[in-house]
Amino acid sequence: MWKGRKTHALRKDLALEPNPSDHPRASTIFPSKSQTDVREKRRSNHFNHVSPGQLTKKYSSCSTIFLDDSTVSQPNLRTTVKCMTLAIYYHIKNRDADRSLDIFDERLHPLTREKIPEEYFEHDPEHKFIYRFVHTLSSAAQLTADGAVVTLVYLERLLTYAEIDICPTNWKRIVLGAILLASKFWDDRAVWNVDDCQILKDVTVEDMNEMERHFLELLQFNINVPFSVYAKYYFDLRSLADDNNLNVLVTPLSKERAQNLEAISRLCDDKYKDVCRAAMRRSVSADNFIGIRRSNAILS
């Protein structure tokens, strides 16, 4: 009896915690999923006398500042996609369970006509395989680097709102749905589901539309991403890259580059105001799903 009350109280407390994809002060989920692996890598490097990647990095000094070409307003696309897919990899590898929904199950809604052996769904995908899949989709959908960050926001929002896990049987369709929404609502690109079906030629328009509707319903039509939440995810992805020794090219900061960064910062506000206005005008689905058009703008 006491155990049941305690479990109920724990679930109630968890329900009251702010959602990381909504609240800027709530911790994102993917860093905690990666910490065990990061610690094990560091411990292994220590015992095997392998020099960690941090020792080869360039550090800023009083006379020289080293920076990469990624900023919160203009992230580097390749690095951001690589970090985003690494976060997805850790979500899958260190998931709590295998909770899923039929609409995302690739066994029930395959993305290809080729028969996939059941053993395929029994093993976690490697990071390089996830990266290739996302890279192909993002290139075809012309997903921007900040759109890739928002893709991860939508993915974690789905996992928490719907109380499901991302696993070998559903990760492709969940990622596909998140990229589709990020392309439409964040990047303001006229991506119609029929266009995406040219990328995945064995997928029907009806299937894409149905998945999109379910995704939005599970998000409770909350496609709003405050800039404070976006910035939190961006910097946590940078930390993930650092923890996993992803190669990021850095160069000394020059006067000309400093002026360019200052100009980018001034343009940042205008950019997101344009995104906010454009989101209100978007037509969001090939079947004219009217209910979504009245959704709030992306930025608050």
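Note that the structure is a prediction, hence the values are computed from the model and not measured.

1. With respect to the overall build of the protein
A tally of helices and strands in the protein yields 11 helices and two strands. When the helices and strands of the protein are read in sequence order from the N terminus, they spell out α-α-β-α-α-α-α-α-α-α-β-α-α. Here the protein, with 300 residues, has 43% of them falling under the buried criterion. Across the protein, every contact between residues at least 6 apart in sequence was considered, and the portion connecting residues at least 24 apart equals 84%. Total accessible area computed for the protein in this model is approximately 16700 Å², and 53% of it derives from carbon and sulfur atoms.

2. Things to note about helix α8 (residues 205-218)
Taking 1.5 Å of rise per residue, the 14 residues of α8 would be expected to cover 20 Å, and the 20 Å separating its terminal C-alpha atoms lies within 8% of that figure. Residues of α8 that are buried: Asp-207, Met-208, Asn-209, Met-211, Glu-212, Phe-215 and Leu-216.

3. Regarding the packing of helix α5 (residues 145-162) against helix α9 (residues 227-243)
Taken N-terminus to C-terminus, the directions of α5 and α9 make an angle of 100 degrees; their axes are 10 Å apart at the nearest point. The orientation of α5 relative to α9 falls into the category roughly perpendicular. Here Asp-146, Val-149, Val-150, Leu-152, Val-153 and Glu-156 of α5 come into contact with α9, specifically with Val-229, Tyr-230, Tyr-233, Tyr-234 and Leu-237. When its residues are assigned to classes, the contact of α5 with α9 shows nine nonpolar, no polar and two charged.

4. With respect to the environment of Ile-223
Tracing the backbone through its elements, the reader meets Ile-223 in the loop between α8 and α9. Classification of Ile-223 by relative accessible area gives buried; the value is 2%.

5. Brief notes about the side chain of Arg-157
As for its placement among the helices and strands, Arg-157 is situated in helix α5. Residue classification places Arg-157 among the buried positions, given a relative accessible area of 0%. At 2.5 Å, the side chain of Arg-157 forms a polar contact with the backbone oxygen of Ser-21. Within polar-contact distance, the side chain of Arg-157 engages the backbone oxygen of Asn-224 at 2.9 Å. Filtering out sequence-adjacent residues up to four positions away, Arg-157 remains in contact with Ser-21, Asp-22, Leu-219, Asn-222, Ile-223, Asn-224 and Val-225.

6. Looking at the nonpolar core
One finds Tyr-154, Ile-166 and Val-175 to be the most contacted residues of the largest nonpolar core, which totals 57 residues. Contributing elements (two or more residues each) for this core: α3 (77-93), α4 (127-141), α5, α6 (171-186), α8 and α9.

7. Some remarks on the packing of aromatic side chains
A complete count under the given rule lists nine aromatic pairs for this structure. Where Phe-129 meets Trp-171, the ring centres are 6.0 Å apart and the plane angle is 70 degrees; that geometry is what we call edge-to-face. Here the residue Phe-129 occupies a position in helix α4, and Trp-171 occupies one in helix α6, the gap between them amounting to 42 residues. A relative accessible area of 29% means that Phe-129 is categorised as partly exposed. Note on Trp-186 and Tyr-230: the rings are 5.5 Å apart at their centroids and 20 degrees apart in plane angle, and the pair reads as stacked. One end of the pair, Trp-186, is in helix α6; the other, Tyr-230, is in helix α9, and 44 residues separate them in sequence. Residue classification places Trp-186 among the buried residues on the basis of a relative accessible area of 2%. Among the aromatic residues, ring-to-ring pairing joins Phe-129, Phe-133 and Trp-171 into one connected group. The ring of Tyr-131 has Lys-82 sitting right over it, with the charged end atom 5.9 Å from the ring centre.

8. A few points about the confidence of the model for the protein
In this model, the protein carries an average pLDDT of 78, and 64% of its residues clear a pLDDT of 70 or more. Per-element confidence in the protein ranges from a low mean pLDDT of 37 for helix α11 (residues 290-293) to a high of 96 for α5. A low-confidence stretch, residues 283-300 stays under pLDDT 50, and its non-local contacts, those more than four residues away or across chains, total 53 contacts.

9. Considering the environment of Val-72
Within the element layout of this structure, Val-72 appears in the loop between β1 (66-67) and α3. For Val-72, a relative accessible area of 23% translates into the label partly exposed. On a C-alpha basis, the gap between Val-72 and Phe-235 in space is 7.9 Å, while along the polypeptide they are 163 residues apart.

10. Concerning the environment of Tyr-234
Residue placement: Tyr-234 occurs in helix α9. Considered as a pair, Tyr-234 and Met-84 are 150 residues apart in the sequence and their alpha carbons are 9.5 Å apart.

11. Notes on the side chain of Thr-85
In this structure, Thr-85 sits in helix α3. Within the structure, Thr-85 has its side chain in polar contact with the side chain of His-127 (distance 3.0 Å). Excluding anything up to four places from it in sequence, Thr-85 contacts His-127, Ile-130, Tyr-131 and Val-134.

12. Comments concerning unusual backbone geometry
For residues besides glycine, phi is generally negative; the peptide bonds are generally trans as well. With phi around 55 degrees, Glu-163 is a residue other than glycine that occupies positive phi space. Counting through the fold element by element, Glu-163 comes out in the loop between α5 and α6. On the accessibility criterion, Glu-163 (55% relative accessible area) is exposed. The residue Gln-220 is not glycine, and still its phi comes out positive at about 55 degrees. Within the fold, Gln-220 resides in the loop between α8 and α9.

What counts, and where the lines are drawn
Numbering of residues starts from 1 in every chain and runs along the sequence as written. Thresholds applied to this predicted model are a pLDDT of at least 70 for local features of residues and 80 or more for the giving and counting of side-chain atom pairs; totals over whole chains, interfaces and linings are not thresholded and use all residues. In computing side-chain values, all of the structure's heavy atoms are included and hydrogens and water are not. Starting at the N terminus, helices and strands are each numbered in turn, a helix being any DSSP run of H or I of at least four residues and a strand any DSSP run of E of at least two. For each residue, the accessible area found with a 1.4 Å probe, counting protein chains only, is set against the maximum for its type, and the residue is called buried under 20%, exposed over 50%, and partly exposed in between. The criterion used for residue contact is that any of the two residues' heavy atoms lie within 4.5 Å. Per-residue accessibility takes into account occlusion by the displayed protein chains alone, with areas from the Shrake-Rupley method and a 1.4 Å probe. A helix is expected to reach a length of 1.5 Å times the quantity of its residues less one. To get an axis, a line is fitted to the C-alpha atoms, and for a helix only the part in contact is used. The angle between two axes follows their N-to-C directions and goes from 0 to 180 degrees. Small angles under 35 degrees read as roughly parallel and large ones over 145 as roughly antiparallel, with 65 to 115 read as roughly perpendicular and the rest as oblique. As a working rule, the residues Ala, Val, Leu, Ile, Met, Phe, Trp, Tyr, Cys and Pro are called nonpolar, Asp, Glu, Lys and Arg charged, and the rest polar, with Gly in that last group. Whenever a nitrogen or oxygen atom comes within 3.5 Å of another N or O atom, the pair is scored as a polar contact, on the condition that within protein one atom can donate a hydrogen and the other can accept it, and that pairs from neighbouring residues in sequence are kept only if both atoms are in side chains. We define the nonpolar core as a collection of buried residues of types Ala, Val, Leu, Ile, Met, Phe, Trp, Tyr and Cys that are connected through side-chain atoms lying within 4.5 Å of one another. Centres within 6.5 Å make a pair out of two Phe, Tyr or Trp rings, where for Trp the six-membered ring is used; the pair is then stacked when the planes are under 30 degrees apart, edge-to-face when over 60, and tilted otherwise. Any Lys NZ or Arg CZ that is within 6 Å of a ring centre and within 35 degrees of that ring's normal is treated as a charge sitting over the ring. For every residue, the predictor states its confidence as a pLDDT score lying anywhere from 0 to 100.

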